[in-house]
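Chain by chain, the residues:
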Amino acid sequence: MAGNEHEVNRSARSGRFVKESTAERNPSTTTTEKVGGEKERGDREVNRSASTGKFVTETTAELHSATTETQRL
């Protein structure tokens, strides 16, 4: 992986970040994502619901800023 690209693990049920050991113990209920990267590669920002972990639109993120998070992919 180049630059600051790295993997993160999330609970598929709650959308919250979990430890790598948790992801290994529960592979059917966790997802692993690659995030970060180099700016030259055209990074993009995505918005997620903090409670569900699902992607949401920019408008939803603006309306519910306290319950959404922005990530760079």
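Up top is the structure these notes are about.
Residues numbered from 1 in each chain as written. Predicted model: local features only at pLDDT ≥ 70, side-chain atom pairs only at ≥ 80, totals over all residues. Heavy atoms only, no water.

**Q** Honestly, the side chain of glutamate 33 in this entry has me stumped. Any pointers?
**A** Residue placement: glutamate 33 occurs in strand E3 (residues 30-35). You can call glutamate 33 buried: its relative accessible area is 13%. Side-chain polar atoms of glutamate 33 contact the side chain of arginine 10, separated by 3.4 Å. (Helix = DSSP H or I, 4+ residues; strand = E, 2+ residues; numbered from the N terminus. Buried < 20%, exposed > 50% of the residue type's maximum accessible area, 1.4 Å probe, protein only. Polar contact = N/O pair within 3.5 Å; in protein donor to acceptor, adjacent residues only side chain to side chain.)

**Q** Any chance you could explain the side chain of arginine 48 here in plain terms?
**A** If you trace the backbone, arginine 48 turns up in strand E4 (residues 45-49). There is a polar contact of 2.9 Å between the side chain of arginine 48 and the side chain of glutamate 33. With residues up to four places along the chain from it excluded, the contact list for arginine 48 reads Arg10, Glu33, Gly53, Lys54, Phe55, Val56, Thr67, Thr68, Glu69 and Gln71. (Contact = heavy atoms within 4.5 Å.)

**Q** Please clarify how the sheet that holds strand E2 (residues 17-18) should be interpreted in this entry.
**A** Two modes of strand pairing occur in sheets, parallel and antiparallel, and in both the strands are linked by backbone hydrogen bonds. Here three strands make up an open sheet; going across it, the order is E2-E1-E3 and the pairing antiparallel. Unpaired on one side and paired on the other, E2 and E3 mark the two borders of the sheet. The pairing of strand E1 (residues 6-11) with E3 spans six bridges and is classified as antiparallel. Its bridge partner lying in E3, valine 8 is registered against glutamate 33. (Pairing = 2+ DSSP bridges.)

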